[in-house]
Amino acid sequence: MIRINEILDKVSGYLSGPEQALIQKAYVFSASAHAGQIRLSGEPYLSHPLEVAGLLADLHLDAPTIAAGLLHDTVEDTRADLEEVDEQFGSEVARIVSGVTKIGRMSFDSKEEAQAENIRKMILAMADDIRVILVKLADRLHNMKTLEYQSTLKQKAVAQETMDIYAPLANRLGLYRLKIQLEDLGLRYMKPDIYFQIQEGVKKQKITGERYIQKVCGEIEELLEKNSIQSRVSGRLKHVYSIYHKMIQQGLTLEQVYDIIAFRILVQTIKDCYSVLGLVHSIWKPVPGRFKDYISMPKANMYQSLHTTVIGPDGERIEIQIRTEEMHRMAELGVASHWRYKEDGKYRFKDRDYERFTWLRQILDWQEELKDPREFMSSLRFDLFEDEVYVFTPRGEVKELPEGATPIDFAYMIHTEVGDRCAGAKVNGKLVPLGTRLKNGDTVEIITDPNRHPSRDWLRMVKTAKARTRIKQWIRNEERQQSIALAREVLEKEGRKLGININKVLKSGRLQEIASDFSYKSVDDLLSAVGYARITPRQVLNRLLPKEKEAARKTEDIEPEEKAEEKPAQVAKKEGVQIKGVGDVLVRFARCCNPLPGDPIIGYISRGRGVTIHTADCANAREMEPERKLEVSWARDTDKAFPAKIKIICQNKKGVLAKISGLLTREDVNIDSGTFKSNVEGKTELTFTVMVQDSGHLYRTIEKMRKFAEVNEVMRIAE
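Residues numbered from 1 in each chain as written. Predicted model: local features only at pLDDT ≥ 70, side-chain atom pairs only at ≥ 80, totals over all residues. Heavy atoms only, no water.

Caption draft 1: Representation of the nonpolar core within the structure. Residues Ile23, Ile66, Leu137, Ile198, Ile265 and Ile320 are the most contacted members of the largest nonpolar core, which totals 98 residues. It is helix α12 (residues 192-226) that provides the largest number of residues to this core, a total of eleven residues. Dropping the residues within four chain positions of it, Ile265 is found in contact with Ile220, Leu224, Ser231, Arg232, Val233, Val276, Val280, Ile320, Gln321, Ile322 and Arg323. Judged by nonpolar contacts, the second largest core, of 31 residues, contains Ile648, Met705, Phe708 and Val711. (Core = buried A, V, L, I, M, F, W, Y, C linked by side-chain atoms within 4.5 Å. Buried < 20%, exposed > 50% of the residue type's maximum accessible area, 1.4 Å probe, protein only. Helix = DSSP H or I, 4+ residues; strand = E, 2+ residues; numbered from the N terminus. Contact = heavy atoms within 4.5 Å.)

Caption draft 2: Quick look at empty space enclosed by the protein. Considering all chains together, one arrives at two cavities of 30 Å³ or more under this definition. Approximately 40 Å³ is the volume found for the second largest cavity. Along its surface, the second largest cavity is lined by Arg456, Leu459, Lys472, Ile475, Glu623, Met624 and Glu625. Residue composition of the lining of the second largest cavity, by class: three nonpolar, no polar and four charged. (1 Å grid on protein atoms, 1.4 Å probe; cavity = no way out; pocket = protein on both sides within 12 Å on 5 of 7 lines; lining within 4 Å. Points joined across faces, edges and corners; volume = space filled by probe spheres on them. Nonpolar A, V, L, I, M, F, W, Y, C, P; charged D, E, K, R; others polar.)

Caption draft 3: Examining the state of the cysteines more closely. Considering all chains together, one arrives at zero disulfides under this definition. Left without a disulfide partner, Cys593 is nearest to the cysteine sulfur of Cys618, which lies 3.9 Å away. (Disulfide = S-S within 2.5 Å.)

Caption draft 4: Inspection of the packing of aromatic side chains at higher detail. Tallied over the entire structure, the rule returns seven aromatic pairs. Ring geometry for Tyr195 and Phe196: centres 5.1 Å apart, planes at 85°, overall edge-to-face. With a relative accessible area of 26%, Phe196 lands in the partly exposed category. Where Phe589 meets Trp634, the ring centres are 6.0 Å apart and the plane angle is 10°; that geometry is what we call stacked. A residue pair is termed long-range when its members are at least 10 positions apart, and Phe589 in strand β15 (residues 587-589) and Trp634 in strand β19 (residues 632-634) qualify at 45 residues. On the accessibility criterion, Trp634 (12% relative accessible area) is buried. Grouped by ring-pair contacts, the aromatic residues Phe589, Trp634 and Phe642 constitute a single cluster. Over the aromatic face of Phe518 sits the side chain of Arg543, whose NZ or CZ is 4.4 Å from the ring centroid. Above the ring of Phe708, the side-chain terminus of Lys659 is found at 4.8 Å from the ring centroid. (Phe/Tyr/Trp six-rings, centres within 6.5 Å; stacked < 30°, edge-to-face > 60°. Lys NZ or Arg CZ within 6 Å of the ring centre and 35° of its normal.)

Caption draft 5: Quick peek at the packing of helix α1 (residues 4-11) against helix α3 (residues 47-58). The interhelical angle for the contact between α1 and α3, taken along N-to-C directions, is 15°, at an axis separation of 9 Å. What the angle tells us is that α1 and α3 run roughly parallel. Seen along the crossing, α1 lies across α3 with a hand that is left-handed. Across the interface between the two elements, Ile4, Ile7, Lys10 and Val11 from α1 touch Leu50, Ala53, Gly54, Ala57 and Asp58 from α3. Tallied by class, residues from the contact of α1 with α3 come to six nonpolar, one polar and two charged. (Axes fitted to C-alpha atoms, helices over the stretch in contact; angles between N-to-C directions. Parallel < 35°, antiparallel > 145°, perpendicular 65-115°, else oblique. Left-handed = near helix turned anticlockwise from the far one by under 90°.)

Caption draft 6: Broad picture of helix α15 (residues 325-333). Considered for burial, the residues of α15 that qualify are Met327, His328, Met330, Ala331, Glu332 and Leu333. Buried residues along α15 sit against α3, α11 (176-190), β1 (232-237), β2 (261-267), α14 (270-283) and β6 (317-324).

Caption draft 7: Spotlight on the sheet that holds strand β21 (residues 670-678). The four strands are arranged β21-β22-β20-β23 in an open sheet whose pairing can be described as antiparallel. Since the sheet does not close on itself, it has two edges, and those belong to β21 and β23 (711-717), each with one partner. The average angle at which neighbouring strand axes cross in this sheet is 20°, direction not considered. Bridge analysis of strand β20 (residues 642-651) against β23 gives six bridges, and the strand direction is antiparallel. (Pairing = 2+ DSSP bridges.)

Caption draft 8: Structural context of the side chain of Thr74. Its place among the elements puts Thr74 in helix α5 (residues 74-77). Classification of Thr74 as buried rests on a relative accessible area of 0%. Here Leu71 takes part through its backbone oxygen, which lies 2.6 Å from a polar atom of the side chain of Thr74. In contact with Thr74, not counting residues within four places along its chain, are Phe29, Ser30, Ala33, His34, Ala80 and Val85. (Polar contact = N/O pair within 3.5 Å; in protein donor to acceptor, adjacent residues only side chain to side chain.)

Caption draft 9: Structural detail: the confidence of the model for the chain. Taken as a whole, the chain shows an average pLDDT of 80; of its residues, 80% reach a score of 70 or greater. Low pLDDT, under 50, characterises residues 103-108; the stretch is placed with nine contacts to residues that sit more than four places away or in other chains. A low-confidence stretch, residues 339-355 (pLDDT under 50), is modelled with 41 contacts involving residues beyond four sequence positions or located in other chains. (pLDDT = per-residue confidence, 0-100.)

Okay, here's the thing in structure tokens:
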């Protein structure tokens, strides 16, 4: 555990005596407020705010920020309140603490809604004072470092949120140090089998890699010394998540990832950067398509560097980054080195810096429109994850879009009406498909047609939250009208069997009373729910029957309404899940992700097919309409076995299959089906569908299998 004296030592070089006194005072207050509290790790709770403050000191942040790091949990987890913090430490510290504090005292209908509101509050506070997110990121990083003491379910939920929100935010803000740690820890708890597999592979190459790093650094230093270029050269093994990301992007196995060593050359001037690039390319052959110039075209988070991949000594692919010392400082500290600008008592970006954070302004614009928490979180993920490309309008105006954006994104950026009427596009004067990915420097012209409307296919093409939101909005309106028409038709048909004229009922206003009984605001909302199969036609029609007829029908052929609603809950529980607020529905598990107990899950209403259960991070589930998603959870007691798919890459030797099947038998894992495929390298790829109790059961088995000398890789896979 870090101590307050160590933190004060870190800041002594850049903070004055009174500023250090403020930090000391915050420490004393925090120690008193958290006295007697213990973390799950068994450490005093005070260890957490101290570690957070230490991380903030490493970023060379000011005294109010470090003080807020020490105080950030006092309002939420102790008897202290915000007024007391304001009185003792001033409004500046209190404002940061308030921005970091969760909305724990408000009630929400679901965990997802609570999460969305917490993130929404954080984004708004961040726009007002960027230091809020810096404290929150430090807080999240230390929580991730101690996540091992939480339950498996909590680990996965926190890791998922970290990968979806906090790691991309750190990247957007240029906080590289925090970003790589958050990514590695997130992967460790989300996909432990893959994480430890890669980590083990990196360890095996460490000794060889270190010798290779010394060799390459020596050759570069000698080359630059001969050409009188002052520099600092270093090399490192890439971190686990960056290797995993490359494997996913390029469809590689760990053994196929060659360039896991990266080198960095720091020089004095921009001119030196390009000179070094030329010298490196003169001795080692560059890999085509792997050069990126982020100096002339910086990333949105202000990152600048030259990136190139070359065939280095011994025929190895190596990645080299070339930048100035100032660029390196910016790359390491990001926005933490740029935010200090006080205006009206608030810390904000200078205008020239704020222009580079248009993504933040866009989030602030559309967050007010998105009331559905799932849609808000989905849109936020889209806006955070991508790098930028810069394209031109026909008039020469520059527009910033996420990498991979298409003409449809461009159209919606111009205006919603242009997007809704988009019929075609010209890029650099040539007609192109609407799904064409835009590149830096493209000039884009949109062709509109008043008779053209958005298509569901567009959702697979677009990258921006604004475009997705507008397309979904249009589709929702269309589908809502269709669902209302379908509900009217079904109610008329079923009503005739019961002697009910649904058109008369609509005119009488009785359906409004029934809508209120079902907690819907309007008749159209009720009809839409019937059309989407959230409630059945009989549940509506039964309430329109005279009481004596209703009682007679119940005794003849209709189960009591209470039982009708209890039965599916029992069926769902038998399947291993509990569904909130849904009755009369079948349950099935998505084959695209094969969810297991222990995985965070969501439900999706499919017309005529009940509720489909997906993992929360399933790519297919994220594309689905938010209004059809349901809050679901795993039933606590179930003896049901669930299918999971695993891929094993092993040596093609006698007895290996028997060894693997023997382990599965001992671990009570049944093989349901499997395929075998051998390659020219003497390796065999086994793909099994196995039956397990939960994700913990699966990952424990995978971990034991990885210890076999003949097994190279084991991982859980989707369909």
